[in-house]
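Architecture and fold: a report
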Amino acid sequence: MLYASEPLAGKDSMTSRSEHFALAGVMGWPVSHSRSPILHNFLMREHGLTGAYVPLAVKPDHLEIALRALAPLGFSGCNITIPHKEHALAIVDAAEPVARRIGAVSCITVRHDGSLLGTNNDAYGFIHNLQQQQPSWRGDAGPVAVIGAGGGARAIVYALATHGTTEIRVINRTFARAELLSRESGAPITPIPWEERHRAVEGVTMLVNTTSQGMVGQPSLDLSLATLPVDAIVCDIVYVPLQTPLLEAARHRGNPTVDGLGMLLHQARPAWKSWFGIDPEITPALRAALEATL
Ligand SMILES: NC(=O)c1ccc[n+]([C@@H]2O[C@H](COP(=O)([O-])OP(=O)(O)OC[C@H]3O[C@@H](n4cnc5c(N)ncnc54)[C@H](OP(=O)(O)O)[C@@H]3O)[C@@H](O)[C@H]2O)c1
């Protein structure tokens, strides 16, 4: 695999592609739950692009052949979602340093020569959403508790470490996975066993749920907020439903909260810059269009 990052597709590339149908999509399995097509097709209409952003339901065994088909089919790129993010890193021809550090690819750009450049915009989306919803947030304000150690957690830990957080408590059901994340990420992580989760939020300045718990069809996150300071920010990266039971419980006791929808919305900016050479604004109208579907 090449690791050198080449220039991304810029305005010139969109100009040359503008005679064609602009194509992008989201590749996952399952993928029908994804709100990304609503988001990107809204932006395409807003920016007057003739094209489409489509859901690409690709089974894990077919990931490589599907990714290799992007260039001949005329795609500018695609987003990558569960369960393909880690496997995609092994397939792309080049990867941005952020994708290598996180260990997963969330976005692919098809370069002019048809090769695939992978990056990860999850951390970017998380930070920009957090800064928008809680403008006074500072990464160096104090300890942060991250619940979960999967792909989402990897991006959150990277985002926190690169914004000055010096104590990240990673609490995961499978302790070995929290330990692995601590070893591989190079971030200042204290892995904490699941049984100790209720006390582990004591004294933190922010709590982030990155598990699937609280998502529609899943039970609520089993976490007591009794020892959580009332001024700690509570974030959930789950966005279906928008107000998860965790966020409702936090809001009820007076904690400031940040929902997960903005993390998805903000990821559109770097993706569009790379695919189409356009920097789209994340407007209230765009958010409202997605909220209407939740
Ligand atoms: N807002 C956004 O833009 C955005 C971006 C990325 C992800 N997400 C959302 O974040 C969630 C997680 O995604 P992911 O990619 O990180 O998934 P993942 O890699 O599969 O990780 C899932 C995490 O949830 C934990 N978990 C699963 N079932 C659990 C249970 N019953 N009790 C306690 N912990 C449990 C897992 O713990 P174990 O290690 O013990 O299995 C693991 O830490 C999904 O809902 C996804 O939609 C949102």
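What comes next is a walk through the structure.

Cut-offs and rules
- Residues numbered from 1 in each chain as written.
- Predicted model: local features only at pLDDT ≥ 70, side-chain atom pairs only at ≥ 80, totals over all residues.
- Heavy atoms only, no water.
- Helix = DSSP H or I, 4+ residues; strand = E, 2+ residues; numbered from the N terminus.
- Rg over C-alpha atoms; globule rule 2.2 N^0.38 Å.
- Contact = heavy atoms within 4.5 Å.
- Areas by Shrake-Rupley, 256 points an atom, 1.4 Å probe, with all protein chains shown as cover.
- Lys, Arg positive; Asp, Glu negative; His and termini not counted.
- Charge placed at Lys NZ, Arg CZ, Asp CG, Glu CD.

This paragraph deals with the overall build of the protein. Across its full length, the protein carries 13 helices and 12 strands. Over its C-alpha atoms the protein spans a radius of gyration of 19 Å, differing by no more than 12% from the 19 Å that the globule rule assigns to 294 residues. Along the first, second and third principal axes, the C-alpha set of the protein runs to 60 × 40 × 35 Å. Of the contacts made within the protein by residues no fewer than 6 positions apart, 67% connect residues no fewer than 24 positions apart. As displayed, the protein offers around 12900 Å² of accessible surface, 54% of which is attributable to carbon and sulfur atoms. Within the protein, one finds 23 positive and 26 negative side-chain charges whose respective centroids are separated by 1 Å.

Quick look at the environment of glycine 203 now. Along the chain, glycine 203 turns up in the loop between α9 (197-200) and β10 (206-209). Sequence-wise, glycine 203 and threonine 119 are 84 residues apart; in three dimensions their C-alpha atoms are separated by 34 Å. When near neighbours in sequence (up to four residues on either side) are disregarded, glycine 203 contacts Pro143, Thr227 and Pro229.

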